[in-house]
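Spelled out, the chains give:
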Amino acid sequence: MIKNLGGVITLRSQLGWGSTFTVNLPIQKADAPIVNIHPQVIQTQQDEIYLLLVDDHATNRLVASATIKQGLPTARIDEARNGEEAIEKMKKNHYDLVLMDLIMPDYSGIDVTRIIRAECPQPLCDVKVVALTANMADYVVKACLEVKILQLLPKPFDREVLIRTILQHVT
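Owing to the predicted nature of the structure, the values given are computational and were not obtained by experimental measurement.

Student: So what about the nonpolar core? Which residues, and what values?
Tutor: By size, the foremost hydrophobic cluster in this structure holds 28 residues, and its most contacted members are Met90 and Val98. Elements with a contribution of two residues or more to this core: strand E3 (50-54), helix H2 (83-92), strand E5 (97-101), helix H3 (109-119), strand E6 (129-133) and helix H4 (138-146). It is H3 that provides the largest number of residues to this core, a total of four residues. Excluding residues within four positions of it along the chain, Met90 makes contact with Leu52, Tyr95, Val98, Met100, Val112, Ile116, Cys120, Leu124 and Val127. With 17 residues, the next largest nonpolar core counts Leu51, Leu53, Leu97 and Val170 among its residues.

The following block contains the structure:
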């Protein structure tokens, strides 16, 4: 693989001391992309959006909630700290969209979604779910599709992408 990239690997080894591997790859310097630090996302949805934000980390909920409120000031955000709390809330409330962490200590976001799809009556069982996760592996994507999670957004999320995703799925 290193040779395919035009590089060289060398090995220096000494009995009793260990080994040192050195990899040299030809890398070209590139200019950093121009990034709009404060992209303006304008709420096009005038009706109130009712969201459930599910994450076991308070900081993640705080950041996501503040981000959503900044881009979608009329959004109403309910929060769940774990899968069990999410299931309870999803069985009682009709959310426009659920933003679901996939890794939680009690239930995974996939399990929560599977339970809601199986146990709730219409229209609660058809709630739209978007996953927020740091794990974008193929098997995770496949498992999400099996329970009809609409989309996976990588953590840490991009503010503009999060707002656009919410608007895409609630309009």
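Student: Residues and numbers for the sheet that holds strand E7 (residues 151-154), please.
Tutor: Strand order in the open sheet formed by five strands is E4-E3-E5-E6-E7, with parallel pairing between adjacent strands. Of all strands in the sheet, those bounded by a partner on one side alone are strand E4 (76-80) and E7. Taken over all neighbouring pairs, the strand axes of this sheet differ in orientation by 20° on average, direction set aside. Each of E3, E5, E6 and E7 touches helix H5 (residues 159-170); the most contacted strand, E7, lies at about 170° to it.

Student: So what's going on with the pattern of salt bridges? Residues and values would help.
Tutor: According to the stated counting rule, one finds ten salt bridges in the structure shown. Residue Glu85 is joined to Lys89 by a salt bridge in which the shortest nitrogen-to-oxygen separation is 4.0 Å. In this pair, Glu85 and Lys89 both sit in helix H2, four residues apart, roughly one turn of the helix. Connected via shared salt-bridge partners are Asp78, Arg81, Glu85 and Lys89.

Student: Which residues make up the packing of H2 against H3, and what values do they have?
Tutor: Direction vectors running N to C along H2 and H3 enclose 30°, while the axes themselves pass 10 Å from each other. Comparing their axes, H3 and H2 come out roughly parallel. The element H2 and its partner H3 pack so that their crossing is right-handed. Taken together, the residues of H3 that come into contact with H2 (itself represented by Gly83, Ala86, Ile87, Met90 and Lys91) are Val112, Ile115, Ile116 and Glu119. Of the residues that constitute the contact of H2 with H3, the class distribution is six nonpolar, one polar and two charged.

Student: I'd like to hear about helix H1 (residues 58-71), residue by residue, with values.
Tutor: With 14 residues, H1 should cover 20 Å at 1.5 Å per step; its first-to-last C-alpha distance of 20 Å lies within 8% of that length. Within the sequence span of H1, burial applies to Arg61, Ala64, Ser65, Thr67, Ile68 and Gly71. Here the buried residues of H1 occupy an arc of 165° about the axis, which is enough to place them on one side. For H1, the exposed residues lying more than 90 degrees away from the buried face are Thr59, Leu62 and Gln70. The inward-facing, buried residues of H1 abut E3, E4, E5 and H5.

Definitions and cut-offs
- Residues numbered from 1 in each chain as written.
- Predicted model: local features only at pLDDT ≥ 70, side-chain atom pairs only at ≥ 80, totals over all residues.
- Heavy atoms only, no water.
- Core = buried A, V, L, I, M, F, W, Y, C linked by side-chain atoms within 4.5 Å.
- Buried < 20%, exposed > 50% of the residue type's maximum accessible area, 1.4 Å probe, protein only.
- Helix = DSSP H or I, 4+ residues; strand = E, 2+ residues; numbered from the N terminus.
- Contact = heavy atoms within 4.5 Å.
- Pairing = 2+ DSSP bridges.
- Axes fitted to C-alpha atoms, helices over the stretch in contact; angles between N-to-C directions.
- Salt bridge = Lys/Arg side-chain N within 4 Å of Asp/Glu carboxyl O.
- Parallel < 35°, antiparallel > 145°, perpendicular 65-115°, else oblique.
- Left-handed = near helix turned anticlockwise from the far one by under 90°.
- Nonpolar A, V, L, I, M, F, W, Y, C, P; charged D, E, K, R; others polar.
- Expected span 1.5 Å × (residues − 1).
- Arc of directions from axis to C-beta.

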